[in-house]
Amino acid sequence: MLVLLILHLVAALVAPLLVRWWGPRACYPLALAPAAAFGWALARTPAVGHGGAVVETYPWIGQLGLDIALRLTTLSWLMTLLVGGVGALVLVYSARYFDAGSPGMAQFAAVLVAFAGAMLVLVFADDLLLLYVGWELTTIFSYLLIGHSTERRSSRWAAAQALTVTTLGGLAMLVGFILLGEHAGSYRWSEIVTHPLPGGGYLVTAVLLILAGALSKSAVLPFSSWLPVAMAAPTPVSAYLHAAAMVKAGVYLVGLLAPVLATVGPWRPVVQVAGVATMLVAGWAALRQHDLKLLLAYGTVSQLGLLVAVTGAGTPDAALAGVAMLLAHALFKASLFLVVGVIDHGAGTRDLRELSGLRRWSRPLFGVAVLAAASMAGVPPLVGFVAKEAVFAAFTDDPVVLAGFVAGTVLTVAYSARFLWGAFADRPGVEPVPPAPIAASMLLPPAALAVVGLAAGPAAGVLDGLLSPYAELLGGLDAHLTLWPGPTAALGLSVLALAGGVLLFALRGPLAPALARLRSPVGGNQGYEWVVGRFDRFAIGVTGATQRGSLPQYLGVILVTLVLLPGGAMLAAAPWRARLPLWDNPLQPVVVVVIAVAALLAVGARRRLTAMLLVGVTGYGTAMLFILHGAPDLALTQFLVETATIAVFVLVLRRLPERFSARPLRRSRWTRRAIGVAMGVVAGGLALVAAGARRAPDISTVFPALAVSEGYGRNVVNVTLVDIRAWDTMGEVSVLVVAATGVASLIFERSRTGPRPRRPESAGTLGSDRPVWLRGGPTLYEEQRSIVLEVVIRLIFHTVVLFSLFLLFSGHNAPGGGFAGGLVAGLALVVRYLAGGRYELTDAAPVGAGLILGAGLALAVGTGTVALLAGGSVLESAKLDVSLPLVGDVHLVTSLFFDIGVYLIVIGLLLDILRSLGAEVDRHIEATGTPGGGLAVDKGGRQ
């Protein structure tokens, strides 16, 4: 199973490349991925045919007890067949549905394959949390597929609506999963079903939250509005997501949980009331539609209501009928959607008022549509008839629900007839559709689905043997799937439903006014828009009341909250009870006094530069405390970070006024001082509480030995960063890359990887009577230059870079490492820029910052991947001892390559900041003529 998931991932990654080579025809090889899932499931039929299961388990997050637990049973086997088989046919269909050069084709192909893989994660998952991962992946991919036509507002709106509704339901479901998992003591569904669950309000809450997620995914009332709107997606998307895959996820979840949770108080009332109501309301709405695709969409919503009500009933006979209807619906509805795609592709419209003569245009297509529509209506000998009979037979003891199903089936027959009549009938006064050839790859997929639906009816006995193991989880079966049940009550109800549906369709003319008037005063889409509009207004009101544009106000709210909440908890903890030494070294209080005085002076400073330097003193003082505590590695990093921060502050302060404004007003200063003092007291108290609350052994007693045995290094800090806690570092460097990208996107008006700035022609002659130490120096105004600084920088730059490399390579056993080395190299670029300006920076680093950042992140991630491929854990280190000529024995640890990635990322970050806050701001100054910067050459070429 894991191999199938990896296959889909690889196919999704290579899809854009294949589309670039072959265009839409790339869908043919991509169809092999879901086809492989179909073939694999078919080969596992004997393994699950008698109630067995195929199980695979892989370690994932050991500390949380979370594994990649995959399990194939009868229900998931059926879903795998549908996801794989229909997915492969839809991709084959898409190869001719889309024209060569269709915009977004590469993304469509990749996302559709990825969606198929996400559905497999969902149906394979035995762990509820892993199921949720697949659930949300399908939500994201469906959002991208529904919004495929990004240039159309309707597509964007439909995608956003589907994402909003299903995501909110999914979040509720996640909370329900957590409640259920904690209540049962396990998140493995195969373990939960083996033990009875204790009842009570806790379990009821979990059930209601899970049902909210299932109903929202399957578009059951009150969450139905998103699915008809989602018909803005391309027809292949509708055929796959909204007939065979995504909307079936909710039905699958209901069917999966029903054997255990169907007896919980609110389960049956919720699924049956919501299901029957959805079937009737959506079926009636389908009769009013003129767009063939919308007709099928409302029909889908109606059938989903039926499926949820049947699969959630919690009886063996209903369970068997539910999975039979699940199969039948996927076959006939996917086929009908693909038929509509052929009609739209060939006739240029889906409006049944504009279609005429299509029966003569393509008789094979008409035959396919008749088979699929007849199965939807429940006409024998198709599989839809078998499933409908099973549904009626399963609910003979529940006349209220059965009456709802019969009424809904009457509507189903009526809109099935309306579909055939609207798509293929001759209409007087409407020009017949001109004949056009239909590609075989567009006709074969719907034909294959319709033929399987025809063949599955007579093979009802075989289906019964394959699907019964799922139903037997709920008890012994009283009924079985059969094509001819004999003269039973269910058969009589089927005849009644067929006759009622035909009569309703025949009276469509006289009933037209009633169809127009009998509707909800507020449609589902209008209700969604109303709710979203109210939320928008509420958000605007809250934003207007709280976001006043005042940074001191924002900071004040945050600090007051911290004082009140953690401060109140601190009072209860009584931190003064903790007895801690005030200092370990007599120099520590001296440094603390310096830090405190600098902080007080920074608060009272009126000049921005003065305040910034005083804040820097507090940072350097903190580094001194690290030294006094015997942590040279932390001290080195703190010194470098503080220096780099000061450089960044200097770049920013160039564009700010020299002095702070006269505000705050005198009357508010005392309030601010009180908040500051209170926050300081709370921060100090929390530090005491944290220090006095330790109960576990100090981790520092374990890490030194662990650093040597597992990380092969004596510098505990660096080994922790690149080995013991490498996952944390991976997340941090990823944040650095995102931060660099964000800074650049806020500052740059053009691509940061654009052409290098060209030095003015006359700049090469400036200062020709004296040596040019830095090539960028002559481009600065004379008053901005410092020959001494240029000479010093020219002499020490390469030494500093070499020192950064020394820190990088020695950091595993001595103070240093990739982060410290990257900061040193970045500071070398800083001084080059400060001495020679933006042209000098370009000469010093003639490469894009984005390239360095990307290379660093790729190297760091690649190191973890190589360790995994080598059979170890992700980011696991290995020791290599080699002997090199003229060098001698070399001790190499593979985590060094991870550290090199960190080194490159830090350099790239500082380079990006220099080019955005430095060089790009310089360019703005030059362009606007703002004082404080500019070229040394005026329009006349003079200095």
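Predicted model, so just to flag it, every value in this text is computed and none were measured.

K.L.:
Help me understand the overall build of the protein chain in this model?
P.N.:
Counting its secondary structure elements, the protein chain contains 37 helices and four strands. Its C-alpha atoms put the protein chain at 105 × 75 × 75 Å along the principal axes. For the protein chain, the proportion of its 943 residues judged to be buried stands at 49%. Within the protein chain, contacts between residues at least 6 apart in sequence are counted, and of these 77% link residues at least 24 apart. Here the protein chain displays about 43,400 Å² of accessible surface, and carbon together with sulfur accounts for 68% of that area.

K.L.:
In this structure, what is going on with a nonpolar patch on the surface? I would like to understand it.
P.N.:
A contiguous nonpolar patch, built from Trp 60, Ile 61, Val 133, Leu 137, Ile 140, Tyr 143 and Leu 144 and spanning about 540 Å² of accessible area, is present on the exposed surface. Looking at the nonpolar patch, the elements with two or more residues in it are β1 (54-61) and α7 (128-146). If you tally residues by element for the nonpolar patch, the top one is α7, at five residues. Relative to the elements of secondary structure, Trp 60 occurs in strand β1.

K.L.:
Looking at this model, I keep getting lost on the side chain of Asp 126. Mind explaining?
P.N.:
Within the element layout of this structure, Asp 126 appears in the loop between α6 (105-124) and α7. No salt bridge is formed by the buried Asp 126; the nearest opposite charge belongs to Arg 188, separated by 4.4 Å. At 2.7 Å, the side chain of Asp 126 and the side chain of Ser 190 are in polar contact. Not counting the four nearest positions on each side in its chain, Asp 126 is found in contact with Ala 69, Leu 70, Arg 71, Tyr 187, Arg 188, Trp 189 and Ser 190.

K.L.:
Any chance you could explain the packing of aromatic side chains here in plain terms?
P.N.:
Ring pairs (aromatic) are described by centroid distance and by the angle formed between their planes. Following the criterion strictly, the structure yields 11 aromatic pairs and no others. Ring geometry for Tyr 97 against Phe 98: centres 5.2 Å apart, planes inclined by 85°, an arrangement best described as edge-to-face. Here Tyr 97 falls in the buried class, since its relative accessible area comes to 14%. Judged by relative accessible area, which is 10%, Phe 98 ranks as buried. Pairing Phe 98 with Phe 108 gives two aromatic rings, centres 4.7 Å apart and planes at 55°, and the pair type is tilted. With a gap of 10 residues between them, Phe 98 in the loop between α5 (74-97) and α6 and Phe 108 in helix α6 connect regions that are remote in the sequence. There is no split in this pair, since Phe 98 and Phe 108 are both buried.

K.L.:
Honestly, unusual backbone geometry in this entry has me stumped. Any pointers?
P.N.:
A negative phi angle is the norm for most residues apart from glycine, just as the trans form is the norm for most peptide bonds. Looking along the chain, the bond that leaves Leu 221 and enters Pro 222 is cis, with omega of 5°. Tracing the backbone through its elements, the reader meets Pro 222 in the loop between α10 (201-217) and α11 (226-229). Here Pro 380 and Pro 381 are connected by a cis peptide whose omega angle stands at 5°. Residue position: Pro 381 is located in the loop between α18 (363-377) and α19 (383-394). One non-glycine residue, Tyr 712, lies in the positive phi region at around 60°.

K.L.:
When you look at the nonpolar core in this model, what are you seeing that I'm missing?
P.N.:
When a protein is soluble and globular, its nonpolar side chains tend to lie buried together. Phe 124, Tyr 240, Leu 261, Trp 267, Phe 395 and Phe 405 are the most contacted members of the largest nonpolar core, which totals 204 residues. Here this core takes 21 residues from helix α16 (residues 316-347), the largest share from any one element. Ignoring sequence-local partners within four residues, the contact set of Trp 267 consists of Val 207, Leu 211, Val 254, Leu 257, Ala 258, Leu 261, Ala 262 and Gly 312. If you look at the next biggest cluster of nonpolar residues, it comprises 43 residues, including Leu 823, Val 824, Phe 898 and Ile 913.

K.L.:
Explain the pattern of salt bridges to me, please; I cannot follow it from the model alone.
P.N.:
Two side chains of opposite charge can pair, provided their charged atoms sit close to one another. Scanning the model with the defined rule gives eight salt bridges in all. Ionic pairing is found between Asp 351 and Arg 353, a salt bridge with its closest N-O pair at 2.9 Å. Note on Arg 353: relative accessible area 49%, which makes it partly exposed. Of the charged contacts in the structure, one is a salt bridge between Arg 607 and Glu 658, with a shortest N-O distance of 1.9 Å. One end of the pair, Arg 607, is in the loop between α27 (587-604) and α28 (608-628); the other, Glu 658, is in the loop between α29 (632-653) and α30 (666-692), with 51 residues separating them in the sequence. Salt bridges sharing common partners tie together Asp 291, Asp 344 and Arg 350.

K.L.:
Please explain the packing of α6 against helix α13 (residues 246-261) as it appears in this structure.
P.N.:
A pair of packed helices is captured by two measures, namely the crossing angle of their axes and the spacing between those axes. Relative orientation of the contacting elements α6 and α13 amounts to 0°, with a least axis distance of 11 Å. Comparing the axis directions of α6 and α13 gives the class roughly parallel. Facing Phe 115, Met 119, Leu 122 and Val 123 of α6, the residues of α13 in contact are Met 246, Ala 249 and Tyr 252. Here the contact of α6 with α13 is built from residues that sort into seven nonpolar, no polar and no charged.

K.L.:
Just to check I follow, could you spell out the packing of helix α8 (residues 153-184) against α10 for this structure?
P.N.:
Two elements in contact, α8 and α10, have axes separated by 7 Å at closest approach and are oriented at 150°. When the interaxial angle is binned, α8 and α10 end up roughly antiparallel. Pair α8 / α10 crosses with left-handed handedness. Across the contact of α8 with α10, the residue classes tally to 13 nonpolar, eight polar and two charged.

K.L.:
Explain the confidence of the model for the protein chain to me, please; I cannot follow it from the model alone.
P.N.:
Detailed conclusions should not be drawn from predicted coordinates in areas where pLDDT is low. On average, residues of the protein chain carry a pLDDT of 83, and 90% of them reach 70 or more. Mean pLDDT per element in the protein chain: helix α24 (residues 512-517) is the minimum at 67, and helix α3 (residues 32-43) is the maximum at 93. A low-confidence stretch, residues 762-768 (pLDDT under 50), is modelled with eight contacts involving residues beyond four sequence positions or located in other chains.

K.L.:
When you look at the environment of Leu 686 in this model, what are you seeing that I'm missing?
P.N.:
Relative to the assigned elements, Leu 686 resides in helix α30. In this structure, the C-alpha to C-alpha distance between Leu 686 and Ala 598, residues 88 residues apart in sequence, is 23 Å. With residues near it in sequence (within four places) discarded, Leu 686 still touches Pro 566 and Met 570.

K.L.:
For this particular structure, what's the right way to read α7?
P.N.:
Side chains three or four residues apart in an α-helix point the same way, a direct result of the helix having 3.6 residues per turn. An ideal rise of 1.5 Å per residue puts 27 Å on 19 residues; α7 measures up with 27 Å between its terminal C-alpha atoms. For α7, the N-terminal capping position is held by Asp 127, with its side-chain oxygen 2.8 Å away from the main-chain nitrogen of Leu 129.

K.L.:
Whenever I open this one, the environment of Val 681 confuses me. Can you help?
P.N.:
Of note, Val 681 is situated in helix α30. Sequence-wise, Val 681 and Gly 567 are 114 residues apart; in three dimensions their C-alpha atoms are separated by 8.8 Å.

So, how was this worked out
- Residues numbered from 1 in each chain as written.
- Predicted model: local features only at pLDDT ≥ 70, side-chain atom pairs only at ≥ 80, totals over all residues.
- Heavy atoms only, no water.
- Helix = DSSP H or I, 4+ residues; strand = E, 2+ residues; numbered from the N terminus.
- Buried < 20%, exposed > 50% of the residue type's maximum accessible area, 1.4 Å probe, protein only.
- Contact = heavy atoms within 4.5 Å.
- Areas by Shrake-Rupley, 256 points an atom, 1.4 Å probe, with all protein chains shown as cover.
- Patch = residues over 30% accessible without salt bridge, like charges linked within 9 Å, V, L, I, M, F, W, Y side chains within 5 Å.
- Salt bridge = Lys/Arg side-chain N within 4 Å of Asp/Glu carboxyl O.
- Lys, Arg positive; Asp, Glu negative; His and termini not counted.
- Polar contact = N/O pair within 3.5 Å; in protein donor to acceptor, adjacent residues only side chain to side chain.
- Phe/Tyr/Trp six-rings, centres within 6.5 Å; stacked < 30°, edge-to-face > 60°.
- Core = buried A, V, L, I, M, F, W, Y, C linked by side-chain atoms within 4.5 Å.
- Axes fitted to C-alpha atoms, helices over the stretch in contact; angles between N-to-C directions.
- Parallel < 35°, antiparallel > 145°, perpendicular 65-115°, else oblique.
- Nonpolar A, V, L, I, M, F, W, Y, C, P; charged D, E, K, R; others polar.
- Left-handed = near helix turned anticlockwise from the far one by under 90°.
- pLDDT = per-residue confidence, 0-100.
- Expected span 1.5 Å × (residues − 1).

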